[in-house]
Structure formats: structure tokens, C-alpha cells
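Chains, contacts and geometry: an overview
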Amino acid sequence: MYLVKLFCIGCFLLLGVLAMHHADARGLGIRAEVILTLALILPQGFLIAACASQIEIASVLLLALSLTLAREGKRAACALCFGAAAALSGAALYALPVYVWLIGRKRMPAKTFALALVPVLALLAPALLCGMGPGAAVGSLFRANVLAPQYASGAPGWVSLLPRPEVGEMPGYFMLRRLPEIDEVTNAQEFYTPEHFELMARGMTLGALAAYMGVLALAARAKGWSALRRALALALAALLACPAATGGAWLAVSLLSVYALAAEGELRLPACLVLFATAGAAALPVTQETLLPEAAAVALCVLALCMLLGIVPMRREEAERDA
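About the cut-offs
Residues numbered from 1 in each chain as written. Predicted model: local features only at pLDDT ≥ 70, side-chain atom pairs only at ≥ 80, totals over all residues. Heavy atoms only, no water. Core = buried A, V, L, I, M, F, W, Y, C linked by side-chain atoms within 4.5 Å. Buried < 20%, exposed > 50% of the residue type's maximum accessible area, 1.4 Å probe, protein only. Contact = heavy atoms within 4.5 Å. Helix = DSSP H or I, 4+ residues; strand = E, 2+ residues; numbered from the N terminus. Patch = residues over 30% accessible without salt bridge, like charges linked within 9 Å, V, L, I, M, F, W, Y side chains within 5 Å. Areas by Shrake-Rupley, 256 points an atom, 1.4 Å probe, with all protein chains shown as cover. Salt bridge = Lys/Arg side-chain N within 4 Å of Asp/Glu carboxyl O. pLDDT = per-residue confidence, 0-100. Disulfide = S-S within 2.5 Å. Axes fitted to C-alpha atoms, helices over the stretch in contact; angles between N-to-C directions. Nonpolar A, V, L, I, M, F, W, Y, C, P; charged D, E, K, R; others polar. Lys, Arg positive; Asp, Glu negative; His and termini not counted. Charge placed at Lys NZ, Arg CZ, Asp CG, Glu CD.

Section: the nonpolar core
Across soluble globular proteins, nonpolar side chains show a tendency to be buried alongside one another. Ranked by size, the top nonpolar core spans 71 residues in total, and within it Ile35, Ile57, Leu236 and Trp250 carry the most contacts. With sequence-adjacent residues up to four places away left out, isoleucine 57 is seen in contact with Cys8, Cys11, Phe12, Leu15, Ala49, Gly248 and Leu251. If you look at the next biggest cluster of nonpolar residues, it comprises 15 residues, including Ala79, Phe82, Ala86 and Ala95.

Points about unusual backbone geometry
The phi torsion at lysine 106 lies on the positive side, around 65 degrees, for a residue other than glycine. Looking at the element boundaries, lysine 106 is found in the loop between helix 6 (96–104) and helix 7 (110–113). The exposure class of lysine 106 is exposed, given its relative accessible area of 70%.

Section: the environment of leucine 218
Tracing the sequence through the fold places leucine 218 in helix 10 (residues 194–221). Overall, the relative accessible area of 44% leaves leucine 218 in the partly exposed class. Separated by 91 residues in the primary sequence, leucine 218 and leucine 309 place their C-alpha atoms 7.3 Å from one another.

Comments concerning a nonpolar patch on the surface
Among the surface-exposed residues, Ile30, Val34, Leu38, Ile41 and Phe46 lie close enough to one another that they form a single nonpolar patch of about 460 Å² accessible area. For the nonpolar patch, the leading source of residues is helix 2 (residues 30–40), giving three residues. On the secondary structure map, phenylalanine 46 appears in helix 3 (residues 43–51).

Notes on the confidence of the model for the protein chain
For the protein chain, mean pLDDT is 77; residues scoring 70 or higher make up 78% of the total. A low-confidence stretch, residues 167–183 stays under pLDDT 50, and its non-local contacts, those more than four residues away or across chains, total 44 contacts.

Describing the state of the cysteines
Taken as a whole and judged by the stated rule, the model has zero disulfides. Free cysteine: cysteine 78, not disulfide-bonded; nearest cysteine sulfur from cysteine 81 at 7.4 Å. The exposure class assigned to cysteine 78 is buried, which follows from its relative accessible area of 0%.

A word on the packing of helix 1 (residues 2–25) against helix 3
Packing of helix 1 against helix 3 brings their axes to within 7 Å, and their N-to-C directions diverge by 145 degrees. Where helix 1 approaches helix 3, its residues Lys5, Cys8, Ile9 and Phe12 are matched on the opposing element by Gly45, Ala49, Ala50 and Cys51. A per-class count over the contact of helix 1 with helix 3 returns six nonpolar, one polar and one charged.

Brief notes about a positive patch on the surface
The grouping of Arg26, Arg31, Arg71 and Arg268 at the surface amounts to a positive patch. Within the element layout of this structure, arginine 71 appears in helix 4 (residues 56–71).

Structural data, given as C-alpha cells:
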């Protein structure tokens, strides 16, 4: 287990270095070192990478590396990294519209992007060799986006609003809540089991996916937005919508928020809201005690997304113009 934690810490450090690399490419000077310093002292990074060992951070690193390679014109390597990221975590599939946009703008040939299937099939090979059917193996990538994570600390998505057991209450069940009383008239069950929440989560997941598609449409039609604002808005919307996104995946939006603090002044308010929400919602795996209630963390992230989309003004000038 400690080797896994060490691996997650290494991925977290490499994400900070990658953020500094982008800052250097934009000529931010000393602010590149500031970004690296802020990234490495994030409390949610230590709690999620070092303590909780969220392996999804490896998928986040591969996805960030893939987008970096796309920016530098290394298309084959970009496709391979995205395929590996999608194979490690189904949450990476929410970034697929970005690659569709690259293909539509002739920045990546569709045949080259098909190389993403190579690492996906390679990482699915162990499951196929152990007897799992091909359909079930491929479908596992998509089922990961509609299932609840076993550990959701530091992930203020909509799924964190659902009840979870206290520490020591059958940790094998993510959502299991004992009802205080049984309805003697309707013979209601004593427990809400994961099957009950799975049925509810299906409709909620479809609604969240529809909301994400709406954010994609707004980002596609918006004019005057910087690339960082689009990336932060899409990443935040995807993580709010994906129920299976753990704290390891949420480190992506935390790093983007740190980058926005140093790179673009108009994004500082929503970036601070996201950082405060993710840091306050993170907790040690044993105690699961958070500084910020999960409902408040979700509300702050939704408010930050509304600011990024222009629904809520970020500056006084925008408020006066809207008035």
C-alpha cells in the first residue's frame, strides 16, 4: 500500500512540474515558480495523494500530459496518453470533446487518434485473460462513470450530497444508511442499500451529463474567453457531473485553479472558491472529518462554475454592465 502512496505522491509532484512547464512556456517568469510552490503545498494534495492513495491521479497526470503533447504537435504520443488515461479511469472520457474539437479543427487526424485504442486494449487484456467477456471488459470503462466511489473525500461532486455510513459501519458499502424507524404501514425496509441508490443515481447521472453538455455548448459559443477559462470551466463541470470522480481526479481542477491564480487575474475569485472547497472537503481516510460540510463545498464549486460561465459576474464592471 505504501508503494501505491509513493506512486501517487510522484504523480502529484509531476503535475506541479507540468504546471510550471506551461507557465514557463507562457513567459510568466517568477510566477512559474510560484505556481509550483503553491501546487506542492496544497493540503488536498497531501491528504489525497499521500494518505488516501487515490490512483486516479495517475489518469489525471496522463491526461494533462496528453493535452501538453497535443499543444506541442506530438499527435501520436498525445493519443496514446489519452488512451492510457481513459483505461485507468473512466472519468477521463469526459475530456473526449476536447479531442473531437482538435479533430474538427484539423489539428489531429482521426486515424492518429485511433491509436488511443492501443493502451485501452492492452490494459483490458488482463481482464480478458482472466475470463471476463469482451463486452463486459469494455463496458467497465463506462460503468465507472455511473458508480459511486468507495472514498469520496475531497471530491465535492453531486454524489457527495448522498448519505454515507459513519466510520466503522460496514466500510464495504459506500452508501448504506440505517433508517431510524420502520414504517409499519408500508413495510419499508430497514436499510437503504447500494441497490436503492444505484437506481436513483441513474437518473441523476443522466441529468448531470445533460448539464455537462450544456456547459460544452456555452463554452463552444462563448467569445473572448481565454483557453485557461475554458479549460477550468470544462474540468469543473466534468468533475461535478461525474459521480465516480474521486479526490485524485479533482486534483486536476485544483492545479488549474492554482495556475489561474498566478496567470489570469480575472479568474482568481472562482479559482479561490474551488481551492477552498476542495481543501475544506478533503479529509484523512480514517477519520473522514472535514473542515467544510460537503453540501457547502458543492455549492461553492457550483458558484465558481457559474462565474466561469458568465452567469454570475466575477467583477464589479460586469455587474454594472449587466445592470
